[in-house]
Amino acid sequence: MHAHPDDETSGTGATMARYAAEGAQVTLVTCTLGEEGEIVVPDLAHLAADKEDRLGEHRVGELEAACKALGVDDHRFLGGAGRWRDSGMMGTPANDHPNSFWRADLDEAAGELVKIIREVRPQVLVTYDENGFYGHPDHIQAHRVSWRAAELAADPAFGAGEPWQVAKFYFTTMPKSLLRRIGEAMREAGVEFPDPGESGDLPFGAEDSEVTTVIDAHAYAEVKLEAMRAHRSQIDLSDPWFSSFQGDSPWPQGIEHYILKIGASGPAGRQLSVDQGGLGEPGDREDDLFAGIAQP
């Protein structure tokens, strides 16, 4: 469950590609068309602030290309394409648009996700944490809607269809130790990045001790980069932030991190070294989102 086109790739692209390649059913739900996205290439600048929201239409095509690259053949827009609109960054006028996702009725939006959950019957559900990782209103709303939908989908008194309880519910995250390493590299390159200062704290990301699961999908790092290239209106791979996903960088390619919030943790998997994208102690983290789930 992701807020806008491109979020699925930058946040969970390698994981999705790995599981799709391994034969798991991967269903992507996107909440908006990303109409308020910041365009990063000059030849598409005419789509910015277009009254007919042509940027959203364009991003639908980018998302289709990215899904193809990732091997994901089941994609849905929550409530149908365009049901809810990109809310923009917190505190902007787009928050107040009557169709903004930020203003969506929680149970109405959750009800749309319940329909998908009861149809697909997923074992695992993945979305953002309570802060939407970095405070974007649509990410926060995606968290709220996903959490509520997981509750309602298991309630036989709610709506139509057979109730379904997801076995495991994860938040996607980035460990602060790796974010600090990226920050150091970016500041050394003269790029502004939040400085944790003496406290060592950052306004986003998770403490290493909170991370329960490290997915090693480095074999799909190039697939993730291909999908990122598909989102060319939003992603410039030469940007210092995205450079942190490539080559000899502080952030190993294809390693993605999660926090298990609902369900029992599976047995500890193969532990990666810090240089490989692992987090050191404790050494009991899962290496599989499906760990511990009885397979049919």
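Residue indices follow the written sequence of each chain, beginning from 1 at its first position. At least 70 in pLDDT is required for a residue's local features to be given in this predicted model, at least 80 for side-chain atom pairs to be given and counted, and no such filter applies to totals for whole chains, interfaces and linings, which use all residues. Only hydrogens and water are removed before side-chain values are computed, so all heavy atoms of the structure are retained for them.

J.: It is not clear to me how the pattern of salt bridges should be interpreted in this structure. Could you clarify?
T.: When charged atoms on two side chains of opposite charge get close, those side chains can pair. Throughout this description, the term salt bridge denotes a Lys or Arg side-chain nitrogen within 4 Å of a carboxyl oxygen of Asp or Glu. Evaluated as defined, the whole model comprises 16 salt bridges. For Lys 168, the salt bridge goes to Glu 286, with nearest N and O atoms at 2.5 Å. Separated by 118 residues along the polypeptide, Lys 168 in strand S4 (residues 168-173) and Glu 286 in the segment after strand S6 (255-262) bring together distant segments of the chain. Connected through salt bridges with shared partners, the residues Glu 36, Asp 53 and Arg 85 form a single ionic network. Secondary structure follows DSSP: runs of H or I at least 4 residues long count as helices, runs of E at least 2 residues long count as strands, and numbering of each begins at the N terminus.

J.: Honestly, the packing of helix H1 (residues 7-21) against helix H6 (residues 221-230) in this entry has me stumped. Any pointers?
T.: Relative orientation and spacing of two packed helices are given, respectively, by the angle between their axes and the distance between those axes. Axis lines are fitted to C-alpha atoms, over the contacting stretch for helices. Their N-to-C directions set the angle, which ranges from 0 to 180 degrees. Running from N to C, H1 and H6 point in directions that differ by 135 degrees, and their axes come no closer than 9 Å. The angle between H1 and H6 places the two elements in the oblique class. The two elements H1 and H6 cross, and the hand of that crossing is right-handed. Residues Thr 9, Ser 10, Gly 13, Ala 14 and Ala 17 of H1 touch H6, and the partners they reach there are Val 223, Lys 224, Ala 227 and Met 228. An angle counts as roughly parallel when it lies under 35 degrees, as roughly antiparallel when it exceeds 145, as roughly perpendicular when it falls between 65 and 115, and as oblique in every other case. Note on convention: near helix rotated counterclockwise from far helix by under a right angle means a left-handed crossing. Clockwise means right-handed. Between two residues, a contact is recorded if the distance between any of their heavy atoms is within 4.5 Å.

J.: How should the pairing of strand S3 (residues 124-127) be read in this particular structure?
T.: Exposure classes here rest on a 1.4 Å probe applied to the protein chains alone. A residue is buried below 20% of its type maximum, exposed above 50%, and partly exposed in between. Residues Val 124 and Val 126 of S3 are buried on one face, and the alternating residues Leu 125 and Thr 127, pointing to the opposite face, are buried as well. Strand direction decides the pairing type here: S3 and S4, joined by four bridges, are parallel. The residue of S4 that forms the bridge with Val 126 is Tyr 170. Read from S3 through helix H4 (residues 137-153) to S4, the crossover connection turns out right-handed. Only when DSSP finds a minimum of two bridges between them are two strands counted as paired. Assignment of crossover handedness uses the view with strands pointing away from the viewer, where a clockwise path from the first strand over the helix to the second indicates a right-handed crossover.

J.: What is the right way to look at the packing of helix H2 (residues 54-70) against H6 in this model?
T.: Relative to each other, H2 and H6 sit at 170 degrees, their axes nearing to 8 Å. Looking at the two axes, H2 sits roughly antiparallel to H6. Facing H2, whose interface residues are Glu 62, Ala 65, Ala 66, Ala 69 and Leu 70, H6 presents Val 223, Lys 224, Glu 226, Ala 227 and Ala 230. In terms of residue class, the contact of H2 with H6 is made up of seven nonpolar, no polar and three charged. Following the grouping adopted for this structure description, the nonpolar residues are Ala, Val, Leu, Ile, Met, Phe, Trp, Tyr, Cys and Pro, the charged ones are Asp, Glu, Lys and Arg, and the polar ones are all others, Gly among them.

J.: Explain the environment of Pro 203 here, please?
T.: The residue Pro 203 is located in the loop between helix H5 (176-188) and strand S5 (213-216) in this model. Along the sequence, Pro 203 and Thr 30 sit 173 residues apart, while their C-alpha atoms lie 25 Å from each other.

J.: How should I be thinking about the packing of aromatic side chains in this particular structure?
T.: Aromatic ring pairs are reported here in terms of the distance separating the ring centres and the angle at which the planes meet. Only rings of Phe, Tyr and Trp enter the pairing, Trp through its six-membered ring, and a pair is recorded when the two centres are within 6.5 Å. The plane angle decides the type: under 30 degrees is stacked, over 60 is edge-to-face, the rest tilted. Per the counting criterion, the structure on display carries eight aromatic pairs. Between Tyr 170 and Tyr 258, the ring centres sit 6.2 Å apart and the planes meet at 75 degrees, which makes this aromatic pair edge-to-face. Linking Tyr 170 in strand S4 with Tyr 258 in strand S6, this pair joins segments that are 88 residues apart in sequence. Grouped by ring-pair contacts, the aromatic residues Phe 133, Tyr 134 and Phe 204 constitute a single cluster. Ring-over charges, as used throughout, are those where CZ of Arg or NZ of Lys falls within 6 Å of the ring centre and within 35 degrees of the ring normal. The positively charged end of Arg 83 is found above the aromatic ring belonging to Trp 84, 4.3 Å away from the centroid.

J.: Is there a simple way to think about the environment of Leu 28 in this case?
T.: Examined against the element boundaries, Leu 28 turns out to sit in strand S1 (residues 27-30). Using a relative accessible area of 1% as the deciding quantity, one classes Leu 28 as buried. Once residues within four sequence positions are removed from consideration, Leu 28 is found in contact with His 2, Glu 8, Met 16, Leu 63, Cys 67, Val 72, Asp 74, His 75 and Arg 76.

J.: Is there a simple way to think about the pairing of S4 in this case?
T.: Look at any regular strand and the pattern is simple: side chains alternate between the two faces of the sheet. Extensive coverage of S4 is indicated by the burial of six of its six residues. Sheet analysis places S4 next to S6, joined by five bridges and oriented antiparallel. The residue bridging Phe 169 from the neighbouring strand is Ile 262, located in S6.

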